[in-house]
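Spelled out from the first residue to the last, the chains are:
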Amino acid sequence: PDPILAPDTDESTSPTLEAPAARERPPELELWLLKYLLMNSGLAQFAAAHLDPAWVTHETVRQIIGLHFQTGADVAELLSQLQADDFARSLVTEAASERRPLPNPEAAMADTILRLRNARLDEAIAAVTRSLADPDLDDSERVRRLAELQGLRQAKRQKLIPLDDPDSPPGT
């Protein structure tokens with residue numbers, strides 16, 4: 001089943017989000033990503049091309065963004081489609097009510113996506129680094145993990161590029 005839509009959703013009914021396990025507030029960076037998307041509909045295409053949904057850690061925010069990308073819904077349509085999920089509706093309402101003027105929304109969106117990507121790369125770098133401390137690791141596996149670590153560090157130094165770019169290094 002589509003991770004965005006509830007498993008029992010068919011085309012004749014409006015989509016609803018699966019109930020997320022946690023109802024805590026999303027990280028500020030992810031909330032700002034949602035704000036940028038809902039404040040400026042022109043940013044959705046850029047975000048869809050550059051954002052890997054796995055970089056968004058908050059399940060509800062990831063589902064809202066996925067629904068927004070999938071349907072192209074404006075705020076009113078999103079709220080209508082999220083009728084069964086008060087928490088998701090409150091996040092959309094909060095994000096859409098942001099009224100600060102953004103002098104360069106494209107740069108702000110790109111920076112936010114880059115920071116999300118780099119945070120996930122930092123987590124992967126930390127996990128591989130921890131795994132290298134295992135004294136039972138054989139030499140061939142250690143070499144493989146060191147190469148993986150080098151690739152992750154290289155990916156973090158890369159600029160943000162579209163995900164479907166065939167020349168993009170892994171992890172970007």
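Thresholds, definitions, all that
Residues numbered from 1 in each chain as written. Predicted model: local features only at pLDDT ≥ 70, side-chain atom pairs only at ≥ 80, totals over all residues. Heavy atoms only, no water. Phe/Tyr/Trp six-rings, centres within 6.5 Å; stacked < 30°, edge-to-face > 60°. Helix = DSSP H or I, 4+ residues; strand = E, 2+ residues; numbered from the N terminus. Buried < 20%, exposed > 50% of the residue type's maximum accessible area, 1.4 Å probe, protein only. Core = buried A, V, L, I, M, F, W, Y, C linked by side-chain atoms within 4.5 Å. Contact = heavy atoms within 4.5 Å. Axes fitted to C-alpha atoms, helices over the stretch in contact; angles between N-to-C directions. Parallel < 35°, antiparallel > 145°, perpendicular 65-115°, else oblique. Left-handed = near helix turned anticlockwise from the far one by under 90°. Nonpolar A, V, L, I, M, F, W, Y, C, P; charged D, E, K, R; others polar.

S.K.: Just to check I follow, could you spell out the packing of aromatic side chains for this structure?
M.R.: Think of a pair of aromatic rings as described by two things: how far the centres are apart, and how the planes are tilted against each other in angle. Scanning all chains against the criterion turns up 1 aromatic pair. Seen from their ring centres, Trp-32 and Tyr-36 are 5.5 Å apart, and the 40° between their planes marks the pair as tilted. Taken as a pair, Trp-32 and Tyr-36 lie in helix H1 (residues 28-39) at a separation of 4 residues, close to a single helical turn. Each member of the pair, Trp-32 as well as Tyr-36, is classed as buried.

S.K.: I tried to follow the nonpolar core on my own but got confused; where do I start?
M.R.: One recurring pattern in soluble globular proteins: nonpolar side chains tend to sit buried together. Core analysis: the biggest nonpolar cluster contains 33 residues, and Leu-33, Leu-51, Ile-65, Met-109 and Ile-113 have the highest contact counts within it. Among the elements that make up this core, the one with the highest residue count is H1 (8 residues). Aside from chain neighbours lying at most four places away, what touches Ile-65 is Leu-33, Leu-34, Leu-37, Leu-51 and Val-56.

S.K.: Got a minute to help me understand the environment of Phe-69 in this structure?
M.R.: Examined against the element boundaries, Phe-69 turns out to sit in helix H3 (residues 59-71). Residue Phe-69 is classed as partly exposed on the basis of its relative accessible area of 28%. Considered as a pair, Phe-69 and Leu-37 are 32 residues apart in the sequence and their alpha carbons are 9.7 Å apart. The contacts of Phe-69, once residues within four sequence positions are left out, are Leu-37, Ala-44, Ala-47, Ala-48 and Leu-51.

S.K.: Is there a simple way to think about the packing of H1 against helix H5 (residues 86-96) in this case?
M.R.: Pairs of packed helices are described in terms of their axes, by the angle between the two and the distance that separates them. Here H1 crosses H5 at 65°, and the two axes come no closer than 8 Å. Taken as axis vectors, H1 and H5 run roughly perpendicular relative to one another. As H1 packs across H5, the resulting crossing turns out to be right-handed. Facing Leu-31, Leu-34, Lys-35, Leu-38 and Met-39 of H1, the residues of H5 in contact are Leu-91, Val-92, Glu-94, Ala-95 and Ala-96. Looking at the contact of H1 with H5 residue by residue, the class counts come to 8 nonpolar, no polar and 2 charged.

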